2 protein chains.
Amino acid sequence: MATRARKAPPLRIVLDASQSAPLHKQIGEQIRRAILERRLAAGTKLPSSRLMAMELNCARGTVLTAIDHLIAEGYVVTRAGSGISVATNLADEMLIPPGVVGQPDGVVAGEPILPKRTRALLSHKPVMQSPAGAPLIAFPIGQPDRLAFPFALWAKLLAQEWRKPAWQVAGVPHPFGHPGLREAIASYLAAARGFACEPEAVVVTSGVRQSVSLFARVVLEAGDAVWIEEPGYPGMDEALAAAEIRAVPVPIDDAGFSPEAALALAPNAHLAVVAPSHQFPLGTVLTLQRRLALLNWAKRTKSWIIEDDFDGEYRYSGRPLAPLRALDQTGRVAYLGSFSKLLFPALRLSFLVLPASLIQITERIMEAISTPASLLGQGALARFIADDHLAAHLRRTRLLYASRQQALIASAERHLTGLLDIAPDPGGMHLIGRPHRDLEPAFNDQATTAAAAAASVRVSPLSGCYRGSPQTHGLLLGYAGTPEEDIDPAIMRLQHVLGGHRQESQPGPMQRCSATQSR
Amino acid sequence: MATRARKAPPLRIVLDASQSAPLHKQIGEQIRRAILERRLAAGTKLPSSRLMAMELNCARGTVLTAIDHLIAEGYVVTRAGSGISVATNLADEMLIPPGVVGQPDGVVAGEPILPKRTRALLSHKPVMQSPAGAPLIAFPIGQPDRLAFPFALWAKLLAQEWRKPAWQVAGVPHPFGHPGLREAIASYLAAARGFACEPEAVVVTSGVRQSVSLFARVVLEAGDAVWIEEPGYPGMDEALAAAEIRAVPVPIDDAGFSPEAALALAPNAHLAVVAPSHQFPLGTVLTLQRRLALLNWAKRTKSWIIEDDFDGEYRYSGRPLAPLRALDQTGRVAYLGSFSKLLFPALRLSFLVLPASLIQITERIMEAISTPASLLGQGALARFIADDHLAAHLRRTRLLYASRQQALIASAERHLTGLLDIAPDPGGMHLIGRPHRDLEPAFNDQATTAAAAAASVRVSPLSGCYRGSPQTHGLLLGYAGTPEEDIDPAIMRLQHVLGGHRQESQPGPMQRCSATQSR
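Calculation criteria
Residues numbered from 1 in each chain as written. Chains lettered and ligands numbered in written order. Predicted model: local features only at pLDDT ≥ 70, side-chain atom pairs only at ≥ 80, totals over all residues. Heavy atoms only, no water. Helix = DSSP H or I, 4+ residues; strand = E, 2+ residues; numbered from the N terminus. Buried < 20%, exposed > 50% of the residue type's maximum accessible area, 1.4 Å probe, protein only. Contact = heavy atoms within 4.5 Å. Areas by Shrake-Rupley, 256 points an atom, 1.4 Å probe, with all protein chains shown as cover. Buried area = accessible area lost by both parts, 1.4 Å probe. Salt bridge = Lys/Arg side-chain N within 4 Å of Asp/Glu carboxyl O. Polar contact = N/O pair within 3.5 Å; in protein donor to acceptor, adjacent residues only side chain to side chain. Nonpolar A, V, L, I, M, F, W, Y, C, P; charged D, E, K, R; others polar. Right-handed = clockwise from strand over helix to strand, strands pointing away. Pairing = 2+ DSSP bridges. Phe/Tyr/Trp six-rings, centres within 6.5 Å; stacked < 30°, edge-to-face > 60°. Axes fitted to C-alpha atoms, helices over the stretch in contact; angles between N-to-C directions. Parallel < 35°, antiparallel > 145°, perpendicular 65-115°, else oblique. Left-handed = near helix turned anticlockwise from the far one by under 90°. Patch = residues over 30% accessible without salt bridge, like charges linked within 9 Å, V, L, I, M, F, W, Y side chains within 5 Å. Lys, Arg positive; Asp, Glu negative; His and termini not counted. Charge placed at Lys NZ, Arg CZ, Asp CG, Glu CD. Least-squares fit on C-alpha atoms with pLDDT ≥ 70 in both. Expected span 1.5 Å × (residues − 1). pLDDT = per-residue confidence, 0-100. Core = buried A, V, L, I, M, F, W, Y, C linked by side-chain atoms within 4.5 Å.

**A word on the overall build of chain A**
1) Next: When helices and strands are counted, chain A shows 17 helices and 13 strands.
2) Next: Within chain A, buried positions represent 58% of all 519 residues.
3) Next: Here the analysis covers contacts within chain A between residues at least 6 apart in sequence; of these, 74% occur between residues at least 24 apart.
4) Next: Accessible area for chain A stands at about 20,900 Å²; split by element, carbon and sulfur atoms hold 53% of it.

Written out as structure tokens, the structure is:
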């Protein structure tokens, strides 16, 4: 039974008192490595603890502690009267060949082999890099003002919520989120967007993408087609792909999304994703006729509509049309909203209002198909809404953003006439600069975006919002998150870039307008 | 051009001063409905505002406000000299037929038509309901103590973080999470779990499921096979299904997960998901031999391992084996941990440590395939870890849970002898009660779980952790989240339930042990 013990080679243990690891850990680790790397073969007898302590110039107890751990871990075994030896049940093939010894953590022999679907995603998503050095100023898309949000109040609400959290909240929560927040959202929608919904229908999510994937996952089969707007929010097709849904881009016209054009492209689609209140990126408002036609299609074909109420809160003149959800008589519309763009992006709280017929179904399978949103800020946000801080914040930022839009237009009139045509928009958080007709034939928005970035100005290419051709070129200028004093300097740099445009029109890496957009 | 205006029928508008909606909204809404429901046909002339105000007994300005909105929305049109009439471009087919009129919001004609994959999920996930009335006491799985966490300190850290947040944090954050938290996690792992990793390798996620889906999505093709432990954490196959991966359950034995058995079942798998430190639900520790064999397989076949360090932090005696990640020489192991179970479930913060070769790749496609975790608590958690509050919390709860486990065993010895055999466990947060041999042939853990719930005690059926047969029956008793004073009363009720077990063994709806487990 007891094989003849092999004589131990010198252990070559080196102790380093300056290391943070205690000496017994250093000893144990080095013996462990020696075993794994086959420098200490199976059955090899270790020197006695007394001898090792002498050689290492440390207390014998230190060596014994190390040996105890190695015994507990199964690396060495002890037999009465015959001392300590390396375990014999660590079969050779399990051990690490000497070739790979000593590589630092995480070092890998080569590039990992990746599946096709991952490689496909990588080819679509180039690394976006700003030029080394100066940070970019101005014009991020979908960004609120960084100072307008009352963070001191927010900190107070968070602290109030968590000092003594309700057990139901700190414990295992409902997958749809904090009950108080779901109620606050329902009341807010009734007052601000004019439709009644049960708090039970509200699902708190961590973003518009999650809302879209979740809903598509519930109502559609893998491989089904969905109509999306072309151009549109670039995250949308990714969100649908996550639910294994095929997005069919439908070109929008002056009246917005056209159900007729959509039917011609993909007659069998059973879901349409639209942003009727203020289309992204064009700002088009879906006409009442189209709204009714779309609802009629959904009803007739038992299909679904996702209404992305993009920018619905920011309207500076005129009156918004009623949302589709308010017109929906047959329960075919899921309504999406997001707080990240209204308050601050890191909030990562959005919501989805389900059609009543899907509430229980989604509740039952939610945790299997989606990760519920973090509850950390939900109670604070509920108070923020219910105590009318949200309404006050929206009133303040509406004035702020309206004045920023005006400043942008005034600055463009001063500096960009004959280069870029920028029309005002009664709503939203960005404007579109279209090349003036003199500039047009040579204008490439990807190249201009790269050139602007080189001049430390952030703009986003309109063409990046298209999935296919034909692409219209233009620049998206987000003004909401741009401090007013940055607008004129940024526009002047842009003037310089556009003036010298015809000399340098090599597009850099393809950029998509989603990069700075957090929803 | 101007069609002959049709005479208006009586409008039958009813104003209700007790409603919160202002009168002009009530008027507008009722005219809008009348148009949509075709009670007011296209081209119909509306009564004059003066007349309407008289009939409704309200100010003329109220009526004019309502009409203005209807004009802006496109429902009615005005022509000089001919008053207001219903728009003619609302084609008949777009309008809502009278049949569906008057349904309250959200009412739907019938059950929605659901895709196959949703129906499949629904059939697996029955609605779990506690009996009406009394709340269940004792034995939730995966739940920490509700009072042990220092919420006052937490509230302070949250408030500190958000009073004046760094713009980089409040703005568009890195998809892998808060840099401070990623650094704190890396330091914590080095100190507590004995392996070095770069903060860049740490991805903050909102749960173990998200970590698993994300990793599987990056390294595997749709339809690929993955080895999982049988029995095991029921969320695991759902998380893999979300990445379109086929989970192959591999029965575990006394030495834990067997790579040999796994190879026999699915030789082409390229990912293994294991919980080596304390298997869920059995508590088995994967032997060193098996650990090395698994690492060797991964290296030889260029495959991957997800190491779910389940319950790694709760060990009451003995010494844990080194994690697979610490033994991994070739960068094939992704390591998972979760804070939700250590601190409080609503936190919903977990993490995934990527192999070095996958960091950049995952960074580039993260937002396309997964929703980054909320940043709200990440800064506070970073401080909680870095300032050693986590270590202190773990020391306190280790003592607390060890004493709860003892109390549970003592109580079971008093009341369950001859009914349920409960062995101690050197780690974890739950124990398994196995039917005593007298009870065994008739024992059904699903039926017992239902009977216990009827007696207001929460237990979880061991059989619910199996995906296939053969199933072993037993009860999971989570003690960590059970106040000590609840243990004895709950065990006495269980004694009563088990004593009367042979009379009433109709299983209720199939229950899975995941229900109370939030990770």
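**Focus on the interface of chain A and chain B**
1) Next: Every contact between the two is made by 110 residues of chain A and, on the other side, 110 residues of chain B.
2) Next: Roughly 9,900 Å² of surface becomes buried between chain A and chain B when both sides are summed, with 60% attributable to carbon and sulfur atoms.
3) Next: Run the count over chain A and chain B and you get 2 salt bridges.
4) Next: Note that A:Glu244 is salt-bridged to B:Arg117, the shortest N-O span being 3.4 Å.
5) Next: The tally of links between chain A and chain B comes to 15 residue pairs in polar contact (both at pLDDT 80 or more).
6) Next: For the side of chain A that touches chain B, the element with the most residues is helix α5 (residues 151-163) of chain A, which contributes 8 residues.
7) Next: Grouping the amino acids of the side of chain A that touches chain B by side-chain chemistry returns 65 nonpolar, 22 polar and 23 charged.

**Concerning the pairing of strand β7 (residues 304-308) of chain A**
Residues and elements named next belong to chain A.
1) Next: For β7, a buried count of 5 out of 5 residues is recorded, marking the element as mostly surrounded by other parts of the structure.
2) Next: Burial along β7 is two-sided: Trp304, Ile306 and Asp308 and Ile305 and Glu307, pointing in opposite directions, are all buried.
3) Next: You can see the chain leave strand β6 (residues 271-274), run along helix α11 (residues 288-301) and come back into β7, and the turn it takes is right-handed.
4) Next: In this structure, β7 lies alongside strand β8 (residues 333-338), joined through 4 bridges in parallel fashion.

**Digging into the packing of aromatic side chains**
All names here are of chain B.
1) Next: Applying the stated criterion across every chain, the model contains 34 aromatic pairs over all chains.
2) Next: Between the aromatic rings of Phe149 and Phe344, the centroid separation amounts to 5.0 Å while the plane-to-plane angle is 55°, which identifies the pairing as tilted. Highlighted residues: Phe149 in the loop between α4 (116-124) and α5 (151-163) and Phe344 in the loop between β8 (333-338) and β9 (350-353), separated in sequence by 195 residues.
3) Next: Overall, the relative accessible area of 4% leaves Phe149 in the buried class.
4) Next: Considering the side-chain rings of Phe215 and Trp304, the 6.0 Å spacing of their centres and the 85° angle between planes classify their relative orientation as edge-to-face.

**Details of the sheet that holds strand β13 (residues 475-478) of chain B**
All names here are of chain B.
1) Next: On the basis of which strands lie adjacent, the open sheet formed by 4 strands has the order β10-β11-β13-β12 and antiparallel pairing. Taken across any chain shown, the strands that pair with only one partner, and hence form the sheet edges, are β10 (420-422) and β12 (460-461).
2) Next: As paired strands, β12 and β13 are joined by 2 bridges and run antiparallel to one another. The partner of Ser460 across the bridge, within β13, is Leu476.

**Looking at unusual backbone geometry**
1) Next: Here B:Glu230 and B:Pro231 are connected by a cis peptide whose omega angle stands at 0°.
2) Next: Mapped onto the elements of the fold, B:Pro231 is located in the loop between β4 (225-230) and α9 (235-242).
3) Next: A cis amide bond, omega 5°, links B:Phe280 with the succeeding residue B:Pro281.
4) Next: The residue B:Pro281 is located in the loop between β6 (271-274) and α11 (288-301) in this model.
5) Next: Phi angles above zero are rare outside glycine, and A:Asn57 is one such case at about 60°.
6) Next: Take A:Asn57: it is sitting in the loop between α2 (49-56) and α3 (60-73).
7) Next: According to the relative accessible area criterion, A:Asn57 is exposed, its value standing at 71%.
8) Next: Positive phi values are uncommon outside glycine, yet B:Arg348 reaches one of about 50°.
9) Next: Looking at where B:Arg348 falls in the secondary structure, it is placed in the loop between β8 and β9.
10) Next: Residue B:Arg348 is classed as buried on the basis of its relative accessible area, which comes to 7%.

**Describing the packing of helix α8 (residues 208-219) of chain A against helix α9 (residues 235-242) of chain A**
All names here are of chain A.
1) Next: At their nearest, the axes of α8 and α9 sit 8 Å apart, and the two run at 40° to each other. By the angle class used here, α8 and α9 are oblique. The hand of the α8/α9 crossing is right-handed. In this structure, α8 uses Val208, Arg209, Val212, Ser213 and Ala216 to contact α9, whose residues at the interface are Gly235, Met236, Glu238, Ala239, Leu240 and Ala242.
2) Next: Taken together, the residues of the contact of α8 with α9 break down into 7 nonpolar, 2 polar and 2 charged.

**Structural notes on a negative patch on the surface**
1) Next: On the surface, a cluster of negative charge is made up of A:Glu183, A:Glu198, A:Glu200 and A:Glu363.
2) Next: Residue placement: A:Glu198 occurs in the loop between α7 (179-192) and β3 (202-205).

**Examining the relation of the copies chain A and chain B**
1) Next: Rotating chain A by 180° and translating it 0.0 Å along the rotation axis places it on chain B, where the RMSD comes to 0.3 Å. Considering both components of the superposition, the chain copies are consistent with a two-fold axis.
2) Next: A shared binding surface is used by both copies, with 99% of the interface residues of chain A retained as interface residues in chain B.

**Quick notes on the pairing of strand β7 (residues 304-308) of chain B**
Along any regular strand the residues' side chains alternate between the sheet's two faces.
1) Next: Sheet topology note: the β6(B)/β7(B) ladder contains 4 bridges and is parallel. Note that in β7(B) the partner of B:Ala272 across the bridge is B:Ile305.

**A word on the side chain of B:Ser213**
All names here are of chain B.
1) Next: Its place among the elements puts Ser213 in helix α8 (residues 208-219).
2) Next: On the basis of relative accessible area, Ser213 is assigned to the buried category, the value being 16%.
3) Next: Setting aside residues no more than four positions away along its own chain, Ser213 makes contact with Ala239, Ala242 and Ala243.

**Regarding α11(A)**
Turn by turn, an α-helix covers 3.6 residues, leaving residues three or four places apart pointing in a common direction.
All names here are of chain A.
1) Next: For α11, with 14 residues, the first-to-last C-alpha span of 20 Å sits near the 20 Å given by 1.5 Å per residue.
2) Next: Summarising burial for α11: 10 of the 14 residues are buried, a large majority.
3) Next: Among all positions in α11, only Leu288, Gln289, Arg290, Arg291, Leu292, Leu294, Leu295, Asn296, Trp297 and Ala298 are buried.
4) Next: Just beyond α11, the residue with positive phi is Lys302, at close to 55°.

**Observations regarding the confidence of the model for chain A**
Residues and elements named next belong to chain A.
1) Next: Confidence along chain A averages 84 in pLDDT terms, with 87% of residues attaining 70 or more.
2) Next: Within the model, pLDDT remains below 50 along residues 1-5, and this stretch shows 3 contacts once partners closer than five positions in the same chain are excluded.
3) Next: Predicted confidence is poor over residues 125-131, with pLDDT under 50, and the contacts of this stretch with residues over four places away or in other chains come to 13 contacts.
4) Next: Both scores are given for the predicted complex: the pTM is 0.78, the ipTM 0.75.

**Describing the nonpolar core**
1) Next: Core analysis: the largest hydrophobic core is formed by 274 residues, its most contacted members being A:Trp154 and B:Trp154.
2) Next: Apart from residues no more than four positions distant in its own chain, A:Trp154 is found in contact with A:Phe149, A:Phe344, A:Leu347, A:Gly377, A:Ala380, A:Leu381, B:Trp162 and B:Leu376.

**Digging into the packing of helix α16 (residues 445-454) of chain B against helix α17 (residues 484-499) of chain B**
All names here are of chain B.
1) Next: Axis separation between α16 and α17 bottoms out at 10 Å; the angle between their running directions is 130°. The angle between α16 and α17 places the two elements in the oblique class. In this structure, α16 meets α17 at a crossing whose hand is right-handed. The segment α16 lies against α17, with Thr448, Ala451 and Ala452 engaging Leu494, Val497 and Leu498.
2) Next: For the contact of α16 with α17, the class distribution of residues is 5 nonpolar, 1 polar and no charged.

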